[in-house]
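# Per-entry structural report
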Amino acid sequence: MSYCRQEGKDRIIFVTKEDHETPSNAELIAEDPDDPYEEQGLILPNGDINWNCPCLGGMASGPCGSQFKEAFSCFHYSKEEVKGSECIDNFRNMQECMQRYPELYPQEEEKESSPQADSDSGSASAAPPESSTLTPETDSTPGPDNTLPTDNQTVS
Amino acid sequence: MLKCRTVWRKLAPLARASSTVCRQNVRRTGLTHGRLPAQVPAAHMSTGPTGGGRENQLYFLLVGVTCVGAGVYAYRTVKGDQLRYQDRIDEISSRQEKFNTENSDTPSESEPVLAAESVEATETQVVPKPEPQAEPVPESEAEPSPEPQAEPLPEEPSPPVPDAEVEAPSETTEPPLGESTPVSLKVPSHTPYLLIGGGTASFAAARSIRARDPDAKVLIVTDEPDLPYMRPPLSKELWFSDDPSVTETLRFKQWNGKERSIYFQPASFYINPEELEGAENGGVAVLTGRKVVHMDVRGNKVKLDDDTEISYDKCLIATGGVPRNLQVMERAGEEVMKRTTLFRKVDDFKSLDKVSRNIKSITIIGGGFLGSELACALGRRSNDSGLEVIQMYPEKGNMGKVLPEYLSNWTTEKVKREGVKIISEALVKSVTCKDDKVEILLKDGRLVKTDHIVAAVGLEPNVDLAKSAGLEVDSDFGGFRVNAELQARSNIWVAGDAACFYDIRLGRRRVEHHDHAVVSGRLAGENMTGANKPYWHQSMFWSDLGPDVGYEAIGIVDSSLPTVGVFAKATSKDTPRAATEKSGTGIRSESETEDTATSPVASSTPAPSVEQHRDDYGKGVIFYLRDKVVVGIILWNVFNRMPIARKIIKDGEEHADLNEVAKLFNIHED
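Residues numbered from 1 in each chain as written. Chains lettered and ligands numbered in written order. Predicted model: local features only at pLDDT ≥ 70, side-chain atom pairs only at ≥ 80, totals over all residues. Heavy atoms only, no water.

## As for the overall build of chain A
As a reminder, the rule being used: Where helices and strands are cited, they refer to DSSP runs of H or I of at least four residues and of E of at least two residues respectively, numbered from the N terminus. Between two residues, a contact is recorded if the distance between any of their heavy atoms is within 4.5 Å. Accessible surface area values rest on a Shrake-Rupley calculation with a 1.4 Å probe, where residue burial reflects the displayed protein chains alone.
Along the backbone of chain A there are three helices and two strands. Across chain A, helices and strands are ordered from the amino to the carboxyl terminus as β-β-α-α-α. For chain A, contacts bridging at least 24 residues in sequence account for 48% of all contacts bridging at least 6. Of the roughly 7,100 Å² that chain A leaves accessible, carbon and sulfur atoms contribute 51%.

## Observations regarding the pattern of salt bridges
Let me state the cut-off plainly: Salt bridge, as used here: a side-chain nitrogen of Lys or Arg that lies within 4 Å of a carboxyl oxygen of Asp or Glu. Note on exposure labels: buried denotes an accessible area under 20% of the residue type's maximum, exposed denotes more than 50%, and partly exposed covers the range between, all computed with a 1.4 Å probe on protein chains only.
One pass over the full model with this rule turns up 36 salt bridges over all chains. With a shortest N-O distance of 3.3 Å, Lys 338 of chain B and Glu 335 of chain B are connected by a salt bridge. Highlighted residues: Lys 338 of chain B and Glu 335 of chain B, both in helix H15 (residues 334–338), separated by three residues, approximately one helical turn. For Glu 335 of chain B, a relative accessible area of 37% translates into the label partly exposed. Where Glu 388 of chain B meets Lys 421 of chain B, a salt bridge forms, and the shortest distance between an N and an O atom there is 2.9 Å. Note that Glu 388 of chain B is positioned in strand S12 (residues 388–392) and Lys 421 of chain B in strand S13 (residues 420–423), a separation of 33 residues in sequence. Connected through shared salt-bridge partners, Glu 31 and Glu 38 of chain A together with Lys 647, Lys 650 and Asp 651 of chain B make up one network.

## Thoughts on helix H10 (residues 200–212) of chain B
Basically, it comes down to this: Helices are assigned an expected span. That span is 1.5 Å times one less than the residue count.
The end-to-end C-alpha distance of H10 of chain B, which contains 13 residues, comes to 18 Å, matching closely the 18 Å that a straight helix rising 1.5 Å per residue would cover. Of all the 13 residues making up H10 of chain B, twelve are buried; the element is thus mostly covered by neighbouring parts of the structure. Three or more residues of H10 of chain B are buried, namely Thr 200, Ala 201, Ser 202, Phe 203, Ala 204, Ala 205, Ala 206, Arg 207, Ser 208, Ile 209, Arg 210 and Ala 211 of chain B. Against helix H1 (65–77) of chain A together with strand S1 (190–196), strand S2 (217–221), strand S5 (283–287), strand S8 (309–317) and helix H20 (514–528) of chain B lie the buried residues of H10 of chain B.

## Thoughts on the packing of H1 of chain A against helix H2 (residues 88–99) of chain A
Residues and elements named next belong to chain A. Stated formally: Only the contacting stretch of a helix is used when fitting its axis, a line to C-alpha atoms as for every element, and angles between N-to-C directions run 0 to 180 degrees. What sets the label is the angle itself: under 35 degrees gives roughly parallel, over 145 gives roughly antiparallel, 65 to 115 gives roughly perpendicular, and the rest give oblique. We call a crossing left-handed when the near helix sits turned anticlockwise from the far one by less than a right angle, and right-handed when that turn is clockwise. Charged means Asp, Glu, Lys or Arg here, nonpolar means Ala, Val, Leu, Ile, Met, Phe, Trp, Tyr, Cys or Pro, and polar covers whatever is left, Gly included.
Running from amino to carboxyl end, H1 crosses H2 at an angle of 155 degrees, the nearest separation of the two axes being 8 Å. Relative to H2, H1 is oriented roughly antiparallel. Crossing hand, H1 versus H2: left-handed. On H2, the residues touching Gln 67, Phe 68, Glu 70, Ala 71, Cys 74 and Phe 75 of H1 are Asn 90, Phe 91, Asn 93, Met 94 and Cys 97. Classifying every residue of the contact of H1 with H2 gives seven nonpolar, three polar and one charged.

## A closer look at the sheet that holds strand S15 (residues 437–442) of chain B
Residue and element names in this part refer to chain B. Put simply, the rule reads: Two strands are counted as paired when DSSP detects at least two bridges linking them.
Read from one edge to the other, the open sheet built from three strands follows the order S14-S15-S16, with strand pairing classed as antiparallel. Both outer strands of the open sheet, strand S14 (428–434) and strand S16 (447–450), are each paired with one neighbouring strand and no more. The mean inter-strand angle of the sheet, taken between neighbouring strand axes irrespective of direction, is 20 degrees.

## What about the environment of Glu 552 of chain B?
With respect to the helices and strands, the residue Glu 552 of chain B is situated in strand S25 (residues 549–555). Each C-alpha atom of the pair Glu 552 of chain B and Met 540 of chain B lies 7.1 Å from the other, and the pair is twelve residues apart in sequence.

## Points about the nonpolar core
Residues and elements named next belong to chain B. This is how the line gets drawn: Nine residue types can take part in a nonpolar core, namely buried Ala, Val, Leu, Ile, Met, Phe, Trp, Tyr and Cys, and a core is a set of them joined through side-chain atoms within 4.5 Å.
Ranked by internal contacts, the top residues of the largest apolar core, which has 158 residues, are Met 295, Phe 623, Ile 633, Ile 634, Trp 636 and Phe 665. Dropping the residues within four chain positions of it, Phe 665 is found in contact with Val 621, Phe 623, Ile 633, Leu 635, Arg 641, Ile 644, Ala 645 and Ile 648. In terms of nonpolar packing, the next biggest core, distinct from the first, is built from 15 residues, Val 328, Val 336, Ile 423 and Val 431 among them.

## Side note on the state of the cysteines
Two cysteines joined by a covalent bond between their sulfur atoms form a disulfide. Residue and element names in this part refer to chain A. Stated precisely, the cut-off is as follows: We call a pair of cysteine sulfur atoms a disulfide when they lie within 2.5 Å.
On inspection of all chains with the given rule, the structure shows three disulfides over all chains. What pairs with Cys 64 in a disulfide is Cys 97, and their sulfur atoms sit 2.0 Å apart. The sign of the -90 degrees torsion about the S-S bond sets the Cys 64-Cys 97 disulfide as left-handed. Of this pair, Cys 64 sits in the loop between strand S2 (10–14) and H1 while Cys 97 sits in helix H2, and the two are 33 residues apart along the sequence. Across this residue pair, the class does not change: Cys 64 and Cys 97 are buried. Two residues share a disulfide in this structure: Cys 74 and Cys 87, whose sulfurs sit 1.9 Å from each other. Torsion about the S-S bond of the Cys 74 and Cys 87 cystine: about -85 degrees, corresponding to left-handed handedness. A residue pair is termed long-range when its members are at least 10 positions apart, and Cys 74 in helix H1 and Cys 87 in the loop between H1 and H2 qualify at 13 residues.

## Some points on the confidence of the model for chain A
Interpretation of the predicted coordinates at a detailed level should be avoided for regions scoring low in pLDDT. Residues and elements named next belong to chain A. Spelled out, the test is: Each residue carries a pLDDT score, the predictor's confidence in it, ranging from 0 to 100.
On average, residues of chain A score 71 in pLDDT, and 67% of them are at 70 or above. Predicted confidence in chain A is weakest over helix H3 (residues 113–126), with a mean pLDDT of 39, and strongest over S2, with 92. Across residues 110–156, where pLDDT falls below 50, the model places 168 contacts with residues more than four positions away in sequence or in other chains.

## Some details on a nonpolar patch on the surface
What counts here: What makes a patch is a set of residues exposed beyond 30% relative accessible area and free of salt bridges, joined within 9 Å when like-charged and within 5 Å when nonpolar (Val, Leu, Ile, Met, Phe, Trp, Tyr).
On the surface, Tyr 37 of chain A together with Tyr 502 and Ile 504 of chain B cluster together into a nonpolar patch covering about 260 Å² of accessible area. Position of Tyr 37 of chain A relative to the elements: it lies in the loop between S2 and H1.

## Re the packing of aromatic side chains
So the rule is basically this: Think of it this way: a Phe, Tyr or Trp ring, Trp meaning its six-membered ring, pairs with another when their centres are within 6.5 Å, and the plane angle makes it stacked under 30 degrees, edge-to-face over 60, tilted otherwise. For a ring to carry a charge above it, either NZ of a lysine or CZ of an arginine must fall within 6 Å of the ring centroid while also lying within 35 degrees of the normal to the ring plane.
For the structure shown, the criterion picks out 25 aromatic pairs over all chains. A ring pair is formed by Phe 203 of chain B and Phe 269 of chain B, whose centres lie 6.0 Å apart and whose planes are at 50 degrees; its orientation type is tilted. Residue Phe 203 of chain B is found in helix H10, and its partner Phe 269 of chain B is found in the loop between strand S4 (259–261) and helix H13 (273–276); the two are separated by 66 residues along the sequence. Both residues of the pair, Phe 203 of chain B and Phe 269 of chain B, count as buried. Between Trp 239 of chain B and Phe 349 of chain B the ring centres are 5.3 Å apart and the planes differ by 85 degrees, which places this aromatic pair in the edge-to-face class. Taken as a pair, Trp 239 of chain B in the loop between helix H11 (232–235) and helix H12 (246–249) and Phe 349 of chain B in helix H16 (residues 346–358) lie far apart in primary sequence, 110 residues in all. Comparing Trp 239 of chain B with Phe 349 of chain B shows no difference in burial state: the two are buried. The cationic tip of Lys 83 of chain A hangs over the ring face of Phe 75 of chain A; the distance from NZ or CZ to the ring centre is 5.5 Å. The residue whose ring lies beneath Arg 380 of chain B is Phe 240 of chain B, and the NZ or CZ to ring-centre distance is 4.5 Å.

## A word on unusual backbone geometry
Residue and element names in this part refer to chain B. For Glu 425, which is not glycine, the phi torsion reads 50 degrees and is therefore positive. Along the chain, Glu 425 falls in the loop between S13 and S14. Residue Glu 425 is classed as partly exposed on the basis of its relative accessible area, which comes to 48%. The phi angle at Lys 628 is positive, at roughly 70 degrees, despite the residue not being glycine. Tracing the chain through its elements places Lys 628 in the loop between strand S27 (619–626) and strand S28 (629–636).

Written out as structure tokens, the structure is:
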């Protein structure tokens, strides 16, 4: 059973697991997925890519940012059967650029970036991740595998 | 001149017919005068079909104005070209160095050629062309060389230019000849995006700008010698590192074993300031060791401490703050100041680490986040080194201004268990230095003798620029007063610790936390690139006080507000370490990316039932209320649920039963 105590202006409640088993009747206001103020996920409501998405880390803003944007845009809008098959040149440019900055883009990870980004965009459109983060450039795997710690990310 | 006349002759009959329209146009074209000298005269001419003499005067006036306009335009182009040319030459010369190490015979060839050229340095036309050709990198030079050459010819009439040109050759002869000398740090005179301050908010803004504005050129000016870095590890993780060289590497290992540096990005991410203007795809440049001392808002420019001026299109002020000091300490004299650390920067960490290894006793004044974290960190060390760690503060318990009293007391007990000697309700009366020891006399008569003091008594926001810029400073919270979109003036934004902003949900506030610096920096960057979004995404903060006590918080967390706390008993699984190990992240706050909280009530397999002990605040949720609305939430040893907390604050609803709200957090589960 829950136990309640008042210490001045502060109220303290101790609850057991059973106390909390019944579903909550607290009402939360429904989310508007198109709310312009909210932090957007990787894909914006109009279908464009949100380059400022924390999930991308600093990929779009670093020295190879423009190459990354070209490659990823090409991939995103690609309507080919094998998605992104016509974007080989863009990806090669991006890879060449990244090889010039091995400190920022460790070579073994960056091959993961495109397929991961795709899976992330899939999950992102379903439930837009809400994040504020500064993942370093080295983390070139955007999405749920974002394990390199930085400062902050929150998801709703 | 002739062209102008023919144009006029052709157009005048037509124009006279529509003279009224043209009269109106005159006023408008007057504004674009400098840009289209060839067309304006035609419009002007058509307004006055009055007589021959008048026409002639007008004619001469127009021709004169046209020449001046052309002259100004050409002068500016040359100046711009010179700058670009200079940059180019500098870049070439640095490339020349690399090339020379490979081909030893070419330098000997190019040098006599250059020597011959330098003789002709005074002749403006000849030098720019042959000199680039002497460079071992041929084709890239074809471009700049015709340009500087073409320009000198029309420039003979205007006096200032030949002087500038003579300067250019004499400068450019230097780098190729003196190959090993590095290029001097030339500050760009204009930058589209200027970020004052090189901390977390500034870096977040830089990243945001670069993501949204392709090829943006961003200049960060900081008075620190370091590139942008994150502060939380300076009082937490870095102290727990086993690496003896941690003060040099500034790398720390997180709970999940992964290592990273406190620097957001290594140096290779940034470009040099002098390369900024010429960078094709833009970039972020950091100018370290320079302070902005004056801001001219009308002229859109700033002045540095070495009198350099930089003009900008958009500016962010992210100057953060400086640690406060107690007045009694300031009056205490130099001997005491030598034994005092005001902790904030990397250098402070380095010096405190060194000092703490060589002394017997250290006292931390201040019971807030920084003070408590440092006390715990040093207390841990005391187990090995025998260092006496004392923490003193005016409140009754640690985090007394943040946590409700019962929780603050509980926390204090935990901190004591970390090896810290707590002196609560301590008001410092005076501090003196005696026999190489510092003596702190408290108002109630207690005397504390120690070797070194760390003052963690708050932050004074840095608003030095407010005066020269004419920006408003908030009297309640301190800091620059900005609106909900972090804007102070039309081209000036403020973010981070120094920003007193309007939070649409929670009212005007100023927040001194890391995540807020990230959130506000990002928002400022977005707004600088045209987003016009208000502060909406609530930032959070966290603190760990030893391995057993950790919490995350969001919103207004002020112990003077009425609170409602809902607790369960903590099992060994509910510790900060366990939380991060499970989610595989380092800094705990970002483990939240793992979840997408689509449904507030998470259902999962029931955990083994937990014994309920009274007064053991193992884990729970604490709501802070203002007029019956939840404005702040602390997740006490409960992790990965920040999104739910954020949602509750965002809604801003009055909830009748907060226990029901607490159910949403599922505190009994992991």
